[in-house]
Amino acid sequence: MSEKKRLLDLQDVSIVFGGLRAVSNFSMHIDDGELVGLIGPNGAGKTTAFNMITGVYLPTEGQIHFDGKLVNGKKSYQVTQMGMARTFQNIRLFSELSVLDNVKIAYNMHINYSLPHAILRVKKYFDEENNVTEEAMKLLSLFHLEKHAHDLAKNLPYGAQRRLEIARALATKPKLLLLDEPAAGMNPQETKELMEMIRWLRDNFKISILLIEHDMSLVMGVCERLYVLEYGMCIATGTPDEIKKNKRVIKAYLGGEV
Amino acid sequence: METGFLHQLVQQLINGISLGSIYALIALGYTMIYGILKLINFAHGDIYMLGAYIGFVCTSILKLSFLPALIISMLGAALAGIIIERIAYRPMRNAPRIAILITAIGVSFFLENVMILVASPQPRTFPAVFTATVYHVGSWVVNSQQIVILVSALVLMVALTYIVNQTKAGKAMRAVSFDADAARLMGIDIDSTISMTFALGSALAAAGGVLVGIYYNSIDPLMGMVPGIKAFVAAVLGGIGVIPGAMLGGIILGVVEALVSGFISSTFRDAAAFAILIIILLFKPQGLMGKNVREKV
Amino acid sequence: MNKVRKFDLKALAASVVVFAALQGMMAAEIIGPFWELNLVLICINIILASSLNMINGFTGQFSIGHAGFLAVGAYVGAVMTVKLGFSFPLAIVAGTIAAGILGFLIGLPTLRLDGDYLAIATLGLGEIIRICILNIEYVGGASGLMGIPRMTNFTVTFWLMIAVLFFIKNFKNSAHGRACLAIRENEIAADTMGIDTTKYKVMAFTLGASFAGTAGVLFSHYFFIAHPASFTFMRSFDVLTMVVLGGLGSLTGSITGAILLTFISAALADFPEWRMIIYSLAMIILMLYRPQGLFGNKELSEKVFSSLKGGKKDE
C-alpha cells in the first residue's frame, strides 16, 4: 500500500439492531488525500456505516480510528471537531437562516471569543466576526453562492442547496469529508458537474473524501478506490477497473446475470 | 379501628384507584386527541368541568337521576368538543404546532371564564344522587360513590376499547393517528374522524366530571385546571397515544397521590404527580406502554 | 461593523428618549398611578418574554415552566432583603443567580427531551418549584411572604429591562446565539457542525431562567408580597403567549407581545367579568389569523438593515 498517512481506519466493525446485523465485519481505510467510494445497492448498510464513522451510531463490535484517535463512543460533534465533516442524503440545512449564517455556524468551533466578549462587544468579538464573515463569503463565492448570501437557505434551488451543504461542511475545516449520496435528486448534467466538483474539492482543499453512492457508474469515474457493500458485508474492494470486472459485484447489482 | 401500616396502605389503595379511574377517563381523551393531532389539548380539563356543570344542571335543576344525567352530560360535552375542534383547531391544522397550543390555552381560558360569568366563580354543591352508603369490608371502608365511580369508569373504558378496536370508526381513528396522509389516500374522511375523536374524548372527560361531582360534592369553574394537567401527566406516564396506557397511567397516578397524601402530606400530593412525570420522562420518555421512535439520520 | 455600534448607540438614544418621555409624563401626572403600575409590569413582562424567547424562540426548546424561575427570583430576592437585611441590588443579583443555578440543574437532565415532552416536563418542574415553596414555612408557606419593601420603581425596572434586552440581542448575534439558532433549525445538522448541542441548550435555558429570576426580584419588590398563587402555570402560559404572539425568535416581537398583552389586560381592568373572556378570545383570534406571530422570526429592523449595501444582517 501507499506510504501515505492513514486517516480513517475501520477494523472489523459490526453493528446489530435488535438481532439484525446491519453491517458485519466491515474493514476499510482511507489515506491522506484519497478519494474513496462506498457503493452498494439500496439497503446495503452504506448509510449505517457512515453513521458509525460519524458517531451517530456506536458500533457493536470493532474499532474505528480517525487520525490515530479512537472514534468509538465519541459524539457526533466531537467527531466533527476531530476533523470529519459530512453531508446528508436528505439535505439538512438551517432552512430559516440565511445562507451566510449557515456557513458561519460551521465556523463556530474555530471561534475563540467567549460569551462575555460577545455580550460586551469587545474588539475581539468584532475582529473574529469580521474574519468569519470574510472567510464564509470567500467559501460561498467558491461555490457560486455569494449572491445568495443573504437569502434564506430554504429559498435556494435544489442544486444550490446541495452545494451549500457541502460548503457548510467544508467550513468546519475537515481533513475528511463524507458525502452521503450527493447526487440524489439531481439530473444527469448536474450530476456530471457535481462529480467534477468533488475532484476539485479534494485537490483545492487538500482533503480526503468518502463518497457514498448506490449508482455505480457515477463513482467509477471519480473515485480512486471503492468498497462494495451488500447485505452489510463488504463483498469487494479495489480500483474501479477491478470492481467493474468483479463477478460478485456484477451479480449483486444485476441480480445473477453476468 | 386498627391503624397499622398495612391497613392504611390498603385503604389508600382503595381511595387511589377510584380517584385514578377518574384521571384515566380524562387521560383517555388527552391521549386520543394527542395521538391524532399531536396537540396537547389544554382545554380538555375544561371540557371535564363543563361535563360536571351539565351534570349539575341535570341533577339539581332538572332533578334527573344519575344515569340520564351522565348520558346528557356526555352528549353535551361531545358536542362542545366537536364545536371547539371545528372552530378553533381545524383552521389551524397546518399552522405551527406551538400556535395551536396557544389556541388550546386560549380556549381553556375562554371556557373557564365563560363559566365564571354564567355560573359565578363560587363552588356549587353537587346534589347527592346516591345515598352515601358506607360499606365495611373487614376493617376497610368503601363507600357507594367509590363503587359507582369504579363501575362507571370500567364500563366506559370497555366501551371505548370496543369502539376503537372493533368498529369502523375506531379503525379510522387508529389509521389517522398512525399516518394521516396514508389514511386520507385510503379514502378515510380525516375531518369527521377527528371530530369523532374529540366527541369520544370529550364525552369521557364529561363522565369524569360528573363522577368527581358525585365524589367530592363540589364543583367550580376552575376545577378542570389541575386535574386536566394531571390527566395529561397520566397519559404521558402510560405512553401518549396509547389507550391502555392512559388507563394504566391514570390508575397509577391516583394511587400514588393517595399514598402521598395518606403517608406524607396532602400538600405534596400535586408535587408527587409531577415528580413521577419527570422521572418517567427522564428514564422512559416513551411512557410505560409506549413505543420508542427515533429520528432516522 | 461600525454599523453595529451605530445601531447600539441609536437604540440606546431611543431608550433614553422613551424613558425621559414616560418619566416626564409621570411627573406631570399625565400617567397616573394605575398606568405607572402597568408600565412597571410591562417592563417586567418584557424581561420575562424576551428571556423565554431565548429558550423557546432562539433555541427551539419548548419550555413552559418560566413561572417557576420567576418564583425563585421573587422569593430569593425577598429573603435577601426582608430576612437577611441585604441591599436591593444584592437581592437582584442573588435572585438572578439562584434562578440561573436552578435553571442549570433542571436544564441539564430535562433538555435531553424534545418537543412536547420537554414542554410538559418543564411545566411539571415549574409546579414542583411552586409546591415546594408553598411548603416552606420560613417564607410564609401558603400565605406568602409579606412585608417586602417596595424598592422596585420604574427607573430601575426600565434600565434593567434595557440591559437584559441588550444582552439578549448581543447573544443572538454571537457565535453562541448562532449555535442556538442552528439547534432550533436542525439539531442533527447542528451536531455535525461540531456544535455541542447539550451545552448550548443548557446555556440558553440557564440564561433564560436567570433573567426570569431578575424579573422575579423586581416583581416581589414592587407588589410588597411574594405569594405562591402568583406563580402557577397560568403565569407561564401568559409569558408563553406573549412570546408566540410576538413571534418566536423575534426579540422585537417579544417586546411587542408583552406590551400588547399587558396593555389589553390593563385596559380591560374595569370590566373584570369580561376581561379574561376578551383576553382569551383575542388570543384565539390572533393565533387563527397570525399563527407565526406578529413578526414571525424576524426583527422589526431586519429589513432596514439587510438593505444596507454589503451590510451583514446584524440586528
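Residues numbered from 1 in each chain as written. Chains lettered and ligands numbered in written order. Predicted model: local features only at pLDDT ≥ 70, side-chain atom pairs only at ≥ 80, totals over all residues.

A.B. asks: I tried to follow unusual backbone geometry on my own but got confused; where do I start?
C.D. replies: Glycine aside, negative phi is the norm for most residues, and most peptide bonds take the trans geometry. Residue and element names in this part refer to chain A. Even without being a glycine, Asp 67 presents a positive backbone phi close to 55 degrees. Structurally, Asp 67 can be placed in the loop between β4 (61–66) and β5 (69–70). Judged by the 16 C-beta atoms lying within 10 Å of it, Asp 67 is partly exposed. Even without being glycine, Tyr 231 reaches a positive phi, approximately 50 degrees. Residue placement: Tyr 231 occurs in the loop between β9 (225–230) and β10 (233–238). Classification of Tyr 231 as partly exposed rests on a count of 15 C-beta atoms within 10 Å. (Helix = DSSP H or I, 4+ residues; strand = E, 2+ residues; numbered from the N terminus. Buried ≥ 20, exposed ≤ 12 C-beta atoms within 10 Å, placed from the backbone.)

A.B. asks: Before we go on, may I ask you to explain the pairing of β10 of chain A in this structure?
C.D. replies: Within a regular beta strand, the side chains point alternately toward one face of the sheet and then the other, so they alternate between its two faces. Residue and element names in this part refer to chain A. As judged from the 5 bridges shared by β9 and β10, these two strands associate in the antiparallel manner. Counted as the bridge partner of Tyr 227 is Thr 237 from β10. The turn joining β9 and β10, which pair antiparallel and follow one another in sequence, is formed by 2 residues; a positive phi near 50 degrees is taken by Tyr 231. (Pairing = 2+ DSSP bridges.)

A.B. asks: What's the story with the interface of chain C and chain B in this structure? I'm lost.
C.D. replies: By convention, interface size is frequently given as the accessible area that disappears when the constituent parts associate. Across the contact, 33 residues belong to chain C and 34 residues belong to chain B. Breaking the side of chain C that touches chain B down by element, the ones donating at least two residues are α5 (115–134), α10 (233–246) and α12 (272–289) of chain C. A per-element tally of the side of chain C that touches chain B places α5 of chain C first, with 12 residues. Partitioning the side of chain C that touches chain B into residue classes produces 25 nonpolar, 5 polar and 3 charged. (Contact = placed C-beta atoms within 7 Å. Nonpolar A, V, L, I, M, F, W, Y, C, P; charged D, E, K, R; others polar.)

A.B. asks: Looking at this model, I keep getting lost on the sheet that holds β5 of chain A. Mind explaining?
C.D. replies: Working definition: the strands of a sheet are paired by backbone hydrogen bonds and lie parallel or antiparallel to each other. Residues and elements named next belong to chain A. Read across the sheet, 4 strands follow the order β2-β1-β4-β5 without closing on themselves; strand pairing throughout is antiparallel. Strands with a single pairing partner mark the edges of an open sheet, and in this sheet they are β2 (20–31) and β5. Across 5 bridges, the pairing between strand β1 (residues 6–17) and β4 is antiparallel. When the bridges of β4 are listed, Gln 11 appears paired with Gln 63.

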